[in-house]
Amino acid sequence: MSSSETIRNIYLSLYKTYGGRNWWPAIDAFEVIVGAVLTQNTNWKNVEKAISNLKNAKVMEPLKLYELPLESLAELIRPAGYYNIKAKRLKNLLEWMVKEYGGSIEGIAKLPDWQLRQELLAVKGIGPETADSIMLYAFNRLIFVVDAYTARIFGRHMLIDEYADYHQIQELIQSSIEPDINVYNEFHALIVELGKSHCKPRPKCSGCPLEHLPRQLDITS
Ligand code: SF4
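The following refers to the structure shown. Since the structure is predicted, the reported quantities are computational estimates derived from the model, not experimental observations.

Procedures and definitions
Residues numbered from 1 in each chain as written. Predicted model: local features only at pLDDT ≥ 70, side-chain atom pairs only at ≥ 80, totals over all residues. Heavy atoms only, no water. Near = heavy atom within 4 Å. Nonpolar A, V, L, I, M, F, W, Y, C, P; charged D, E, K, R; others polar. Helix = DSSP H or I, 4+ residues; strand = E, 2+ residues; numbered from the N terminus. Expected span 1.5 Å × (residues − 1). Buried < 20%, exposed > 50% of the residue type's maximum accessible area, 1.4 Å probe, protein only. Contact = heavy atoms within 4.5 Å. Polar contact = N/O pair within 3.5 Å; in protein donor to acceptor, adjacent residues only side chain to side chain. 1 Å grid on protein atoms, 1.4 Å probe; cavity = no way out; pocket = protein on both sides within 12 Å on 5 of 7 lines; lining within 4 Å. Points joined across faces, edges and corners; volume = space filled by probe spheres on them. Phe/Tyr/Trp six-rings, centres within 6.5 Å; stacked < 30°, edge-to-face > 60°.

Comments concerning the site of the ligand
Here is step 1: The environment of the ligand is made up of Arg 156, His 157, Leu 194, His 198, Cys 199, Pro 203, Lys 204, Cys 205, Cys 208, Leu 210, Glu 211 and Ile 219.
Here is step 2: Among the residues forming the shell around the ligand, the class breakdown is seven nonpolar, two polar and three charged.

Right under this line is the structure:
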């Protein structure tokens, strides 16, 4: 099987096992944006608690959140962990939204793909994974989100080498699967599910949906 065939096989095997994940779990684009910053290095349950705090405080809008003092914002998002750092990152992102687009999601949605990505990446603290999560899940742009699970799983199945960077992995996947927003949306979510359930630091290959595929010989299961 070529790399592209293996990647398509991974997608189909995961979809068959887990079904559609229907991401992103948010009610609107702004909630996706906030969630994409809060979810770094934590699980989704903690993000939900932080977002719930923001909603209860009635500040879940770009302008209101931007005007909130940094310390108050940090306190509200405390359940998401690393709350001081995340509060600063969120503030930086909100500053871009408010100063450049008057806090209008509709205004940002009009940007072409290249410009949206360039501007997101120019915000301090926003890296490719967060930028692409916002691109795909908040603004329905055709871009694949690579995360640590993707690198681990693809590495263990010898699709990438240990030096592959974010954009090399992204390019490999985008050139292998159907250029369809729904497929990109589901594939990333399915990889996260696989990483959480089987492909942990110590992999559980027995019973894994990808058990049938060739993998490194030296990983302990
Ligand atoms: S747990 Fe094993 S079989 Fe499953 S994805 Fe990871 S390396 Fe592959």
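Points about helix H12 (residues 181-197)
The periodicity of an α-helix, 3.6 residues per turn, causes residues three or four places apart in sequence to face the same way.
Here is step 1: Taking 1.5 Å of rise per residue, the 17 residues of H12 would be expected to cover 24 Å, and the 25 Å separating its terminal C-alpha atoms lies within 8% of that figure.
Here is step 2: In terms of residue burial, H12 counts as a mostly covered element, since 12 of its 17 residues are buried.
Here is step 3: The complete set of buried residues in H12 reads Val 183, Tyr 184, Asn 185, Glu 186, Phe 187, His 188, Ala 189, Leu 190, Ile 191, Val 192, Leu 194 and Gly 195.
Here is step 4: Contacts made by the buried residues of H12 are with helix H1 (3-18), helix H9 (128-139), helix H10 (148-156) and helix H11 (166-174).
Here is step 5: Two or three places before Asn 182, at the opening of H12, Asp 180 has a side-chain oxygen 2.7 Å from that residue's backbone nitrogen.

Side note on empty space enclosed by the protein
Here is step 1: Inspection of the entire model under this criterion finds one cavity of 30 Å³ or more.
Here is step 2: There is about 90 Å³ of room inside the largest cavity.
Here is step 3: Surrounding the largest cavity, 14 residues form its lining, His 157, Cys 199, Cys 205, Cys 208 and Leu 210 being those nearest its centre.
Here is step 4: Of the residues contributing to the lining of the largest cavity, the split by class is eight nonpolar, two polar and four charged.

Some details on the packing of aromatic side chains
Here is step 1: Summed over all chains, the structure comprises nine aromatic pairs.
Here is step 2: Between the aromatic rings of Trp 23 and Trp 24, the centroid separation amounts to 5.9 Å while the plane-to-plane angle is 65°, which identifies the pairing as edge-to-face.
Here is step 3: Residue classification places Trp 23 among the partly exposed positions, given a relative accessible area of 27%.
Here is step 4: Relative accessible area serves as the criterion here: at 11%, Trp 24 is assigned to the buried category.

Structural notes on the layout of surface pockets
Here is step 1: Reported here for the largest pocket is a volume of approximately 750 Å³.
Here is step 2: Every residue lining the largest pocket is counted, 25 residues in all, and those nearest its centre are Trp 23, Thr 39, Thr 42, Asp 147 and Val 192.
Here is step 3: Breaking the lining of the largest pocket down by element, the ones donating at least two residues are H9, H10 and H12.
Here is step 4: Considering each element in turn, the lining of the largest pocket owes the most residues, five residues, to H12.
Here is step 5: Here the residues of the lining of the largest pocket are counted per class, giving 10 nonpolar, 10 polar and five charged.

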